[in-house]
There are 2 protein chains.
Amino acid sequence: MKVQLENVKPMDIEKRSFEIITEELGDKKLIPGTELIVKRCIHTSADFDYADNLCFSQDAVKKAITAIKEGACIVTDTKMAMAGINKRVLSRYGGEVFCFMSDEDVAAAAKANATTRATASMDKAASLNRKLIFAIGNAPTALVRLYELIQDKKLRPELIIGVPVGFVNVVQSKELIMETDVPYIVAKGRKGGSNIAACICNALLYMIDNDRGY
Amino acid sequence: MKVQLENVKPMDIEKRSFEIITEELGDKKLIPGTELIVKRCIHTSADFDYADNLCFSQDAVKKAITAIKEGACIVTDTKMAMAGINKRVLSRYGGEVFCFMSDEDVAAAAKANATTRATASMDKAASLNRKLIFAIGNAPTALVRLYELIQDKKLRPELIIGVPVGFVNVVQSKELIMETDVPYIVAKGRKGGSNIAACICNALLYMIDNDRGY
């Protein structure tokens, strides 16, 4: 084996990773209270762009944590994000994770209205009588529909994590969410993803536990 | 609504995204036969670094496609990657997706041997009597264990998709895989992720179908 491996115990790998990230961020200014979210996004992607592109509405983190403690549920637009969210920790506060993308009624509504399934699944979420955090890592059309539902006063999310990734209407859909008065965490620009959506949820959950606070 | 949305039909969003990616890649040289994989990684991450960091062993794509057609199964190191892989298309050729990370015997073995669960789950995979493709998007320790199993002639994968993300032994673990004579697709450097692992699997599956070949 020509390659030299660093000797780090399994339980210390994440801690060591965060040390490296902190070191490489150097004197980069982050918004106080958002550091653990920014660092976890970098940890998930190895992409330091997240130190620049993450935007937080006023007190978004504080409001999100309050909502989770009060039993807020998380709605995602992919099974991947759903798989990545720490459901064990969320359930401790009474919350669940929902993804309606594969539901038959959602597929039928999307077909009938010639929309994406993501759009239809936001409509389904709006009918839930629960406190909701939206974690959107894939579909800009989900953010556009959330914007419309908020404007029409049919929905009032506790937080929108707006981090779809891609090239068609992704930038615009994020700008729309930042026009609302709903708390948001948005990755400005094209970047994001289901992994980023899940990791922001987990960062919030770990902040409540004061666990993994490197 | 101050923001101007581009008018693209739901079914055309992916096609339009690939057009934009192709346009922005310009005259960037990609290895013939790997273009659809590189572009799908960029599509999944909005990160053009994948045009530079993806490394393919000789005929890796061709060999992977043959293996899938012969019923190869995919082993992942996260539930997220598992959730992202198109299991419907894979099953058409007889393949399944496995992720052993949450299995009780894997947790017990990891504890007993003071390894990561990822290490223990590679050992479990090596005991399967199936053609295997490994899609590793998270744990460098999985790649290190694969290297050892290959050296010890206990495992002969059809392909290793080596795209863990992160800061501790990630770069090194990928270099190890590139030292073997096993077919590989590796994202050199720190970048990768469960999303990238899943998307490379899907790119291969769509190439077989000659579907979504933008």
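Keep in mind that this is a model prediction, so the values were computed, not measured.

The rules behind these values
Residues numbered from 1 in each chain as written. Chains lettered and ligands numbered in written order. Predicted model: local features only at pLDDT ≥ 70, side-chain atom pairs only at ≥ 80, totals over all residues. Heavy atoms only, no water. Salt bridge = Lys/Arg side-chain N within 4 Å of Asp/Glu carboxyl O. Helix = DSSP H or I, 4+ residues; strand = E, 2+ residues; numbered from the N terminus. Buried < 20%, exposed > 50% of the residue type's maximum accessible area, 1.4 Å probe, protein only. Phe/Tyr/Trp six-rings, centres within 6.5 Å; stacked < 30°, edge-to-face > 60°. Pairing = 2+ DSSP bridges. Axes fitted to C-alpha atoms, helices over the stretch in contact; angles between N-to-C directions. Contact = heavy atoms within 4.5 Å.

## Some points on the pattern of salt bridges
Okay, so step 1: Overall, the coordinates contain 30 salt bridges over all chains when judged by the stated rule.
Okay, so step 2: Between Lys124(B) and Asp103(B) there is a salt bridge; the shortest N-O distance is 2.8 Å. Of the two residues, Lys124(B) sits in helix H8 (residues 117–126) while Asp103(B) sits in the loop between strand E3 (97–99) and helix H7 (104–113), which places them 21 residues apart along the sequence.
Okay, so step 3: Close ionic contact of Glu148(B) with Arg145(B) constitutes a salt bridge, the shortest N to O distance being 2.9 Å. Of this pair, Glu148(B) and Arg145(B) both sit in helix H9 (residues 140–151), 3 residues apart, roughly one helical turn.
Okay, so step 4: Residue classification places Arg145(B) among the buried positions, given a relative accessible area of 18%.
Okay, so step 5: Put simply, Glu6(A), Lys15(A), Arg16(A) and Glu19(A) are held in one network by salt bridges that share partners.

## With respect to the packing of aromatic side chains
Okay, so step 1: Under the definition given, this model contains 4 aromatic pairs over all chains.
Okay, so step 2: Aromatic side chains Phe48(A) and Phe167(B) sit 6.1 Å apart centroid to centroid with 85 degrees between the ring planes, which places their arrangement in the edge-to-face category. Residue Phe48(A) is found in the loop between helix H2 (35–45) and helix H3 (50–53), and its partner Phe167(B) is found in the loop between strand E5 (159–162) and helix H10 (170–179); the two belong to separate chains.
Okay, so step 3: Its relative accessible area of 8% is what places Phe167(B) among the buried residues.
Okay, so step 4: Consider the rings of Phe98(B) and Phe100(B), whose centres lie 5.7 Å apart with planes at 20 degrees: the pair is stacked.
Okay, so step 5: Owing to a relative accessible area of 17%, Phe98(B) belongs among the buried residues under this scheme.
Okay, so step 6: Accessibility expressed as a relative area gives 7% for Phe100(B), which makes it buried.

## Section: the environment of Asp59(A)
Residues and elements named next belong to chain A.
Okay, so step 1: Along the polypeptide, Asp59 turns up in the loop between strand E1 (54–56) and helix H4 (60–69).
Okay, so step 2: Under the relative-accessibility criterion, Asp59 is labelled partly exposed at 38%.
Okay, so step 3: Placed 12 residues apart in sequence, Asp59 and Gly71 show a C-alpha to C-alpha distance of 19 Å.

## With respect to the sheet that holds strand E5 (residues 159–162) of chain A
Residues and elements named next belong to chain A.
Okay, so step 1: Read from one edge to the other, the open sheet built from 6 strands follows the order E1-E6-E5-E4-E2-E3, with strand pairing classed as mixed. With one partner strand each, in any of the chains shown, E1 and strand E3 (97–99) form the two edges of the open sheet. Recorded for the sheet is a direction-independent mean angle of 15 degrees between the axes of neighbouring strands.
Okay, so step 2: Along the sheet, helix H10 (residues 170–179) contacts E1, E5 and strand E6 (184–187); its crossing angle with E6, the most-contacted strand, is approximately 155 degrees.

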